[in-house]
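Overview (structure and organization)
Spelled out, the chains give:
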Amino acid sequence: MAEFALDLNEDQKAVRDWVHGFAADVMRPAAAEWDEREETPWPIIQEAAKIGLYSLDFYAQQYFDPTGLGIPVVMEELFWGDAGIGLSIVGTALAAVGVLANGTEEQIGTWIPQMYGDENDVKVAAFCSSEPDAGSDVSAMRTRAVYDEAKDEWVINGTKTWVTNGGIAGVHVVVAVVDPELGAKGHASFVVPPNTPGLSQGQKFKKHGIRASHTAEVVLDDVRVPGHCLLGGKEKLDERLARARERAGKGGERVRNAAMATFEASRPAVGAQAVGIARAAYETALEYARTRVQFGRPIIDNQGVAFQLADMRTRIDAARLLVWRASWMAAAGKTFEAAEGSMSKLFAGETAKAVTAQAMQILGGNGFTREYPVERMHRDAAVYTIFEGTSEIQRLVIARSISGMQIR
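What comes next is a walk through the structure. (Residues numbered from 1 in each chain as written. Predicted model: local features only at pLDDT ≥ 70, side-chain atom pairs only at ≥ 80, totals over all residues. Heavy atoms only, no water.)

1. With respect to the overall build of the protein chain
Summing up its helical and strand segments, the protein chain has 12 helices and 11 strands in all. Taking 2.2 N^0.38 as the reference for a compact globule, 408 residues should give roughly 22 Å; the C-alpha atoms of the protein chain span a radius of gyration of 22 Å, in line with that estimate. When each of the 408 residues of the protein chain is scored for burial, the buried share is 52%. For the protein chain, the distance from the average position of its 43 positive side-chain charges to the average position of its 53 negative side-chain charges is 5 Å. (Helix = DSSP H or I, 4+ residues; strand = E, 2+ residues; numbered from the N terminus. Rg over C-alpha atoms; globule rule 2.2 N^0.38 Å. Buried < 20%, exposed > 50% of the residue type's maximum accessible area, 1.4 Å probe, protein only. Lys, Arg positive; Asp, Glu negative; His and termini not counted. Charge placed at Lys NZ, Arg CZ, Asp CG, Glu CD.)

Following this line, the structure appears as structure tokens:
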């Protein structure tokens, strides 16, 4: 019988340490500056590209790690460095996952390399799903794609919001309604190539946290894309829509949704990001508690502080284990019977929010200032109970999975 172990192998440790070095030496010293500037840190993305950290080859190697742990290990270290810069580096991956989850092999080979560019001409990509009136409720999506059979083109109209890299990306992956009568089952994903007429950036959002990551609206006004830009192809789409129509009203098996397929694949990775933020805040608080002297002794000598740190470390380790389990299950082809991917994102996101708040409390007044990084970490952590599925939506997904009921 194979021996059970939770150790990383030597290759995984080497990658972890390499990414950690970049996070410590390049990202952390620049974190406060780019947070204040609220701009995409192109020089740092380029530095990552020069060493191969921002590249299709690197993420493909991690994605195809047979244990499933390549991506979460990298995510944790990058976001330990800084969440805003980290999201600028990995934001393209969500668009890439959108193509991987829904595209053909030819589409994967064509579009994903274009998303990254190279070290001399760095590019980013964007995944466009949420809308002003359709966030958690994907069935309320209004962006419409209509097929022009005579020209073999799709015409897309609508507005997307909360788009990471929206408008500054070369390649945009857009989820749109192709059959309104089917609700969320009538959606499809499209690649909008660089410089396509009709696509423009709307407002850029000024955010509470992750401020080095560009977030904006994307406006699509009679955007025309060739038929081959429909991810999965027309034949596959027609078959899926036919099944959905047949099962509509019959309570039949679930037909997967284009946006949800992307989020299902990315949730453990997002959980790993939250673990990285939480770990960074915990380590800062631990070091501070060891060196901060009050009433003649380090504050860690007080149970009120020490017990908080014990709880913080316990929650971080538990969150990491949930992320690793979900990542391993996905790599092993195991079905998420109890929404284990959502569990990992839910618990890790809530952990990041709680741990960063505790870290601020331990640092006291210093924790509330920008002289120390925990206030930035706390702002960054707040979004992890909101984006890519709120905590409430994750609980709904889990509840439906364990009950078999369509809970509302």
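From this point, things continue past the structure.
2. Focus: the packing of helix 4 (residues 70–81) against helix 5 (residues 83–102)
Orientation of helix 4 relative to helix 5, taken along the N-to-C sense of each, is 140°, at an axis distance of 6 Å. In this view, helix 4 runs oblique relative to helix 5, as classed from their interaxial angle. The chirality of how helix 4 crosses helix 5 is right-handed. Judged by residue contacts, Met 75, Leu 78 and Phe 79 of helix 4 engage Ala 83, Gly 86, Leu 87, Ile 89 and Val 90 from helix 5. Across the contact of helix 4 with helix 5, the residue classes break down as seven nonpolar, one polar and no charged. (Axes fitted to C-alpha atoms, helices over the stretch in contact; angles between N-to-C directions. Parallel < 35°, antiparallel > 145°, perpendicular 65-115°, else oblique. Left-handed = near helix turned anticlockwise from the far one by under 90°. Contact = heavy atoms within 4.5 Å. Nonpolar A, V, L, I, M, F, W, Y, C, P; charged D, E, K, R; others polar.)

3. Looking at the nonpolar core
Among the nonpolar cores identified, the biggest contains 110 residues, and Leu 78, Ile 89, Met 115 and Phe 190 are the most heavily contacted of them. Discounting chain neighbours no more than four positions away, the residues touching Phe 190 are Ala 145, Trp 154, Ile 156, His 172, Val 173, Val 174, Ala 176, Val 178, Val 225, Cys 229 and Leu 230. (Core = buried A, V, L, I, M, F, W, Y, C linked by side-chain atoms within 4.5 Å.)

4. Digging into the packing of helix 10 (residues 340–363) against helix 11 (residues 374–381)
Remark: helix 10 packs on helix 11, axes separated minimally by 9 Å, with the N-to-C direction vectors making an angle of 160°. In this view, helix 10 runs roughly antiparallel relative to helix 11, as classed from their interaxial angle. Crossing of helix 10 against helix 11: the hand is left-handed. Contacts between helix 10 and helix 11 involve Ala 352, Lys 353, Thr 356, Ala 357, Ala 359, Met 360 and Leu 363 from the former and Val 374, Glu 375, Met 377, His 378 and Ala 381 from the latter. Taken together, the residues that form the contact of helix 10 with helix 11 break down as eight nonpolar, two polar and two charged.

5. Focus: helix 12 (residues 391–403)
Over its 13 residues, helix 12 runs 18 Å from end to end, which matches the ideal 18 Å to within 8%, given 1.5 Å per residue. For helix 12, the complete set of buried residues consists of Ser 391, Gln 394 and Ile 398. In a view along the axis of helix 12, the buried residues occupy a sector of 60°, so they form one face of it. (Expected span 1.5 Å × (residues − 1). Arc of directions from axis to C-beta.)

6. Some thoughts on the packing of aromatic side chains
Counted under the stated rule, the structure contains 10 aromatic pairs. With a centroid separation of 5.1 Å and an interplanar angle of 90°, the aromatic rings of Tyr 63 and Phe 64 are classed as edge-to-face. Given a relative accessible area of 61%, Phe 64 falls into the exposed group. For the ring pair Trp 162 and Phe 205, a centre distance of 4.2 Å and an interplane angle of 25° mean the geometry is stacked. (Phe/Tyr/Trp six-rings, centres within 6.5 Å; stacked < 30°, edge-to-face > 60°.)

Keep in mind these values describe shape, not function.
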